[in-house]
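Take a look at the letters that make up each chain.
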Amino acid sequence: MPGKRSLKACATGDFWRKKVVPMIRISGRWVMEAGIQPDDRVSVENPEPGVLVVRRVCEANHVDPQT
């Protein structure tokens, strides 16, 4: 199913102090097929509520134009 995945946001943080935040973990061959390799740097943008955009970053700290 290239291009789309359904993931669950988990809870992480200090449950005792009730300072819990959401966490989303992304891993798998589908991430590599999307052009992200181990040790690559990525940028994560939040253009609007409920939307996260993940892009591979080039070595010169610029967003890769191919992603």
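No experiment lies behind these values; they were computed from the predicted model shown.

Cut-offs applied
Residues numbered from 1 in each chain as written. Predicted model: local features only at pLDDT ≥ 70, side-chain atom pairs only at ≥ 80, totals over all residues. Heavy atoms only, no water. Helix = DSSP H or I, 4+ residues; strand = E, 2+ residues; numbered from the N terminus. Buried < 20%, exposed > 50% of the residue type's maximum accessible area, 1.4 Å probe, protein only. Contact = heavy atoms within 4.5 Å. Salt bridge = Lys/Arg side-chain N within 4 Å of Asp/Glu carboxyl O. Polar contact = N/O pair within 3.5 Å; in protein donor to acceptor, adjacent residues only side chain to side chain.

> What should I look at first to understand the overall build of the chain in this one?
A tally of helices and strands in the chain yields one helix and four strands. Order of helices (α) and strands (β) in the chain, N terminus to C terminus: β-β-α-β-β. Burial analysis of the chain (67 residues in total) assigns 7% to the buried set. Taking all contacts inside the chain whose residues are at least 6 apart in sequence as the whole, residues at least 24 apart take part in 4%.

> I'm lost on the environment of G3 in this one. Help?
Mapped onto the elements, G3 comes out in the segment before β1 (10-14). Residue G3 is classed as exposed on the basis of its relative accessible area of 86%. Counting along the chain gives 31 residues from G3 to A34, while the straight-line C-alpha distance between them is 8.0 Å.

> It is not clear to me how the pattern of salt bridges should be interpreted in this structure. Could you clarify?
Oppositely charged side chains can pair when the atoms bearing their charge come close. The tally for this structure, following the rule as stated, stands at two salt bridges. Between R17 and D14 there is a salt bridge whose closest N-O contact spans 3.4 Å. Judged by its relative accessible area of 60%, R17 falls in the exposed class. Note that E45 and R55 form a salt bridge whose closest N and O atoms lie 3.0 Å from each other. Of this pair, E45 sits in strand β3 (residues 41-48) while R55 sits in strand β4 (residues 51-57), and the two are 10 residues apart along the sequence.

> Can you help me understand the environment of R55 in this one?
Take R55: its relative accessible area is 27%, and that puts it in the partly exposed class. Along the backbone, R55 and I36 are 19 residues apart, and their C-alpha atoms lie at a distance of 8.4 Å. At a separation of 3.0 Å, a polar atom in the side chain of R55 contacts the side chain of E45.

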